[in-house]
Amino acid sequence: MSKYTTEVRFICEQKADLEESKGFNNVDTIINASWDKIFTTNVTFFDANYKPVICKKILKHYYTREIGAETVGLWLLWMNERLENIMPYYNQLYSSELIDFDPMTDVYETREYERGTTGEEGSTGANFMITGSTNWDLYSETPQGAITNIENQTYLTDARKVTNNDQSASDYENSRATTSNEVYSETVTGKRGSGSFSSLLKDYRDTFLNIDNMVIEEFSDLFMGLW
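Computed from a prediction, not measured in an experiment: that's the story for all the values here.

Draft legend 1. Structural context of the packing of helix α1 (residues 8–15) against helix α2 (residues 27–38). Here α1 crosses α2 at 90°, and the two axes come no closer than 8 Å. Regarding the angle of α1 to α2, the classification is roughly perpendicular. On α2, the residues that touch Ile11, Cys12, Glu13 and Lys15 of α1 are Ile30, Ala33, Ser34, Lys37 and Ile38. Looking at side-chain class alone, the contact of α1 with α2 contains 5 nonpolar, 1 polar and 3 charged residues.

Draft legend 2. Here's a closer look at the environment of methionine 87. Tracing the sequence through the fold places methionine 87 in helix α4 (residues 72–97). Between the alpha carbons of methionine 87 and phenylalanine 45 there is a distance of 6.9 Å; along the sequence they are 42 residues apart.

Draft legend 3. Structural context of the packing of aromatic side chains. In the structure shown here, the tally under the stated rule is 7 aromatic pairs. Summarising the aromatic geometry, the rings of tyrosine 62 and phenylalanine 223 are spaced 4.1 Å apart at their centres and angled 10° between planes, so their arrangement reads as stacked. Pair noted here: tyrosine 62 is in the loop between α3 (51–61) and α4 and phenylalanine 223 is in the segment after α6 (197–217), with a separation of 161 residues, a long-range link. Classification of tyrosine 62 by relative accessible area gives buried; the value is 1%. Ring pairs connect the aromatic residues Phe46, Tyr50 and Tyr94, which therefore count as one cluster.

Draft legend 4. Focus on the side chain of aspartate 212. Here aspartate 212 lies in helix α6. Among the residues examined, aspartate 212 registers a relative accessible area of 2% and is labelled buried. Within the local environment of aspartate 212, its side chain forms a polar contact with the side chain of tyrosine 94, the two groups lying 2.5 Å apart. In this view, aspartate 212 contacts Tyr50, Ile54, Lys57 and Tyr94; residues no more than four positions away in its chain are not counted.

Draft legend 5. Quick look at the pattern of salt bridges. Per the counting criterion, the structure on display carries 6 salt bridges. As a salt-bridge pair, lysine 22 and glutamate 20 come within 3.9 Å of each other at their nearest N and O atoms. A residue is classified by how much of its surface remains accessible, and glutamate 20, at 54% relative accessible area, is exposed. For arginine 82, the salt bridge goes to aspartate 221, with nearest N and O atoms at 2.8 Å.

Draft legend 6. Seen up close, α2. With 12 residues, α2 should reach 16 Å at 1.5 Å per residue; the first-to-last C-alpha distance of 15 Å fits that figure. Where α2 is buried, its residues touch α1, α3 and α4.

Draft legend 7. Quick look at α3. The complete set of buried residues in α3 reads Lys51, Ile54, Cys55, Ile58 and Leu59. All buried residues of α3 lie within an arc of 135° about the axis, which places them on one face of the element.

Reading the values: the criteria
Residues numbered from 1 in each chain as written. Predicted model: local features only at pLDDT ≥ 70, side-chain atom pairs only at ≥ 80, totals over all residues. Heavy atoms only, no water. Axes fitted to C-alpha atoms, helices over the stretch in contact; angles between N-to-C directions. Helix = DSSP H or I, 4+ residues; strand = E, 2+ residues; numbered from the N terminus. Parallel < 35°, antiparallel > 145°, perpendicular 65-115°, else oblique. Contact = heavy atoms within 4.5 Å. Nonpolar A, V, L, I, M, F, W, Y, C, P; charged D, E, K, R; others polar. Phe/Tyr/Trp six-rings, centres within 6.5 Å; stacked < 30°, edge-to-face > 60°. Buried < 20%, exposed > 50% of the residue type's maximum accessible area, 1.4 Å probe, protein only. Polar contact = N/O pair within 3.5 Å; in protein donor to acceptor, adjacent residues only side chain to side chain. Salt bridge = Lys/Arg side-chain N within 4 Å of Asp/Glu carboxyl O. Expected span 1.5 Å × (residues − 1). Arc of directions from axis to C-beta.

Rendered as structure tokens:
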């Protein structure tokens, strides 16, 4: 029974349009029917669907506690004002926990590499063209011979054959220097720590529960300290 003010359960039952108190088995049904008549503020939540979740948790946690105000109206004002003041901060906490990640993975590393190489490709060759001429240097000390004898290379005192060769070469393909860059990345994911997979999943689930408890605790001073 209430000694100083009134208990939260009586307020919830009245907001749920009940004419008499109900027992433990009806607590969730009563809160479902009354939470949005107690928390009437339009305060923004990180997820609109999470507003009834946290509001119901607050009421259930303090369900048998006496309100810390002289009147229900004053207490309702304080409750809605408190929710408006704290949610901007807690919205950030909730949102940060919604970042997509795998709770079964405790390592995620991406390494990027870039390597450059320089080398030679192709071959060097030459296309040769040979041109030449042959000259004869004919000499005779026999004046009795005719010029035709010299041309026919008969009765010669001395004869020299001179051959000239001209060689020209052109490269048909020069060596080609080539440079190549290799860029690749390596991603490493998995579990590296000593903790078990079940402990990782528990830690992930506990994160939201811990934030919920922090929100609930923000309302503790709005209730009587003795119960």
